[in-house]
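One-letter residues, chain by chain:
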Amino acid sequence: MEIEYRPKTLQRILVRTILFLTICGLMAEIADEGLHLSDTYGLQDFFSLSDEGNLPTWFSSLVLFSCGITLALIAMGKRQANARYVAHWWVLCAAFLYISLDEFVTLHEDLNALFRFDASFLYFGWVIPAGAIVAAFGLSYLGFLGHLPVRTRTRFIQAGALFVGGALGVELILGYWTDRAGDQNLVYGLIDLVEESMEMMGSSLFFYTLVGVLAEPTGTVSISISNARSEPDSE
């Protein structure tokens with residue numbers, strides 16, 4: 001059996017899912033912090049983008065993990081073709097597999113204890129080492145980005161800007177607000193909503209672009225499943 005699908009189909013699924021989760025997350029924040037409604041059935045916690053271990057977290061982690069797997073498939077194809085920058089694809093694969101784990105169990109928040117400022121934009125101190133790592137990573141990938149086709153390179157940069165802009169940029173704003181007003185208010189929830197939505201959009205755009213790379217040159221991705229048993233040689 002052979003399954004074929006086009007990247008455009010994936011794009012529609014991702015866009016609709018993000019839109020659904022963002023709207024549900026907004027409603028959850030308004031109901032919880034705006035209207036102070038009781039969460040009888042746990043729906044606010046289940047859909048809130050400010051909480052962990054719920055549906056938005058699972059979706060984000062799944063997309064990031066899918067990026068890692070797709071990067072591994074691309075890396076294997078590049079290695080067979082003796083292409084350049086194979087190691088860069090593998091490093092990206094490892095990075096996204098780690099980020100998918102971090103998204104689910106929030107490992108990065110442990111760094112707040114090591115980089116503790118409790119002041120203004122640096123309230124969440126983990127952004128300091130994360131920012132340094134991202135900067136070094138980006139500089140080391142300039143050559144890799146330069147060799148990519150223009151459309152792929154542009155989408156990679158757009159995806160990175162969305163994801164990093166949310167994870168680090170909006171996190172600075174969130175830290176500033178948390179230092180001033182705490183995290184039990186509607187503004188905190190809305191800022192966090194923007195941050196998580198940007199991360200979902202960035203990772204989804206990157207995943208969609210990777211599937212497009214995997215689909216080259218036919219424009220489709222084929223998955224073959226065979227259950228045929230080998231027949232013994234006839235005498």
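Residues numbered from 1 in each chain as written. Predicted model: local features only at pLDDT ≥ 70, side-chain atom pairs only at ≥ 80, totals over all residues. Heavy atoms only, no water.

Digging into the nonpolar core
Quick reminder of the rule: Remark: nonpolar core denotes a set of buried residues (Ala, Val, Leu, Ile, Met, Phe, Trp, Tyr, Cys) joined through side-chain atoms within 4.5 Å. Each residue is placed in one exposure class: buried if its accessible area under a 1.4 Å probe, protein chains only, is under 20% of its type's maximum, exposed if it is over 50%, and partly exposed if it falls in between. Helix and strand assignments come from DSSP, with helices taken as H or I runs of at least 4 residues and strands as E runs of at least 2, each series counted from the N terminus. Any two residues whose heavy atoms approach within 4.5 Å are treated as being in contact.
Ranked by size, the top nonpolar core spans 32 residues in total, and within it Leu71, Trp89, Phe206 and Leu210 carry the most contacts. Counting residues per element, the ones that place at least two in this core are α1 (7-34), α3 (55-80), α4 (86-105), α7 (150-181) and α8 (186-215). Filtering out sequence-adjacent residues up to four positions away, Leu71 remains in contact with Trp89, Leu92, Cys93, Phe96, Phe206 and Leu210. Judged by nonpolar contacts, the second largest core, of 10 residues, contains Val127, Val170, Tyr188 and Met198.

A closer look at the packing of α7 against α8
Where we set the bar: Lines fitted to the C-alpha atoms define the axes, with helices restricted to the stretch that makes contact. Angles between their N-to-C directions range from 0 to 180 degrees. Working rule for angles: under 35 degrees goes down as roughly parallel, over 145 as roughly antiparallel, 65 to 115 as roughly perpendicular, anything else as oblique. Left-handed describes a crossing whose near helix is turned anticlockwise from the far helix by less than a right angle; the clockwise case is right-handed. The classification used treats Ala, Val, Leu, Ile, Met, Phe, Trp, Tyr, Cys and Pro as nonpolar, Asp, Glu, Lys and Arg as charged, and all other residues, Gly among them, as polar.
Put simply, α7 and α8 touch, their axes get as near as 8 Å, and they point 165° apart. As judged from the angle between their axes, α7 and α8 are roughly antiparallel. In this structure, the crossing between α7 and α8 has a hand that is left-handed. Broken down by class, the residue content of the contact of α7 with α8 amounts to 20 nonpolar, eight polar and five charged.

Details of α3
Which entries qualify depends on this criterion: In this analysis, the expected span of each helix is defined as 1.5 Å times one less than the number of residues it contains.
Compared with an ideal rise of 1.5 Å per residue, which puts 26 residues at 38 Å, α3 spans 38 Å between its outermost C-alpha atoms and is within 8% of the ideal. Looking one or two residues beyond α3, the residue adopting positive phi is Asn82, at roughly 55°.

Some thoughts on the packing of aromatic side chains
For any pair of aromatic rings, the description consists of the separation of the ring centres together with the inter-plane angle of the planes. Basically, it comes down to this: Only Phe, Tyr and Trp rings take part, Trp by its six-membered ring, and two of them pair if their centres are within 6.5 Å. Stacked means planes under 30 degrees apart, edge-to-face means over 60, and tilted covers everything else.
For the structure on display, the rule yields 11 aromatic pairs. Each residue in the set Tyr85, Trp89, Phe96, Phe137, Tyr141, Phe144, Phe156 and Phe206 is aromatic and connected to the rest through ring pairs, giving one cluster.

Some words on the environment of Cys24
Within the element layout of this structure, Cys24 appears in helix α1. Assessed through its relative accessible area of 16%, Cys24 is described here as buried. Between the C-alpha atoms of Cys24 and Gln44, which are 20 residues apart in sequence, the distance is 8.6 Å.

Section: α4
Over its 20 residues, α4 extends 29 Å from the first C-alpha to the last, a length consistent with the 28 Å expected when each residue adds 1.5 Å. Buried residues of α4: Val86, Trp89, Leu92, Cys93, Phe96, Ser100, Asp102 and Glu103, and no others. Those residues of α4 that are buried are in contact with α3, α5 (127-140), α6 (142-147), α7 and α8. Thr106 occupies a position one or two residues after α4 and carries a positive phi of about 50°.

Concerning the confidence of the model for the protein
The condition that has to hold: Every residue gets a pLDDT, meaning the predictor's confidence in that residue, from 0 to 100.
For the protein, mean pLDDT is 87; residues scoring 70 or higher make up 85% of the total. Taken element by element, the protein is modelled with least confidence in strand β1 (residues 2-5), mean pLDDT 54, and with most confidence in α6, mean pLDDT 96. Across residues 230-235, confidence stays below pLDDT 50; counting only partners more than four residues off in sequence or on other chains, it has zero contacts.

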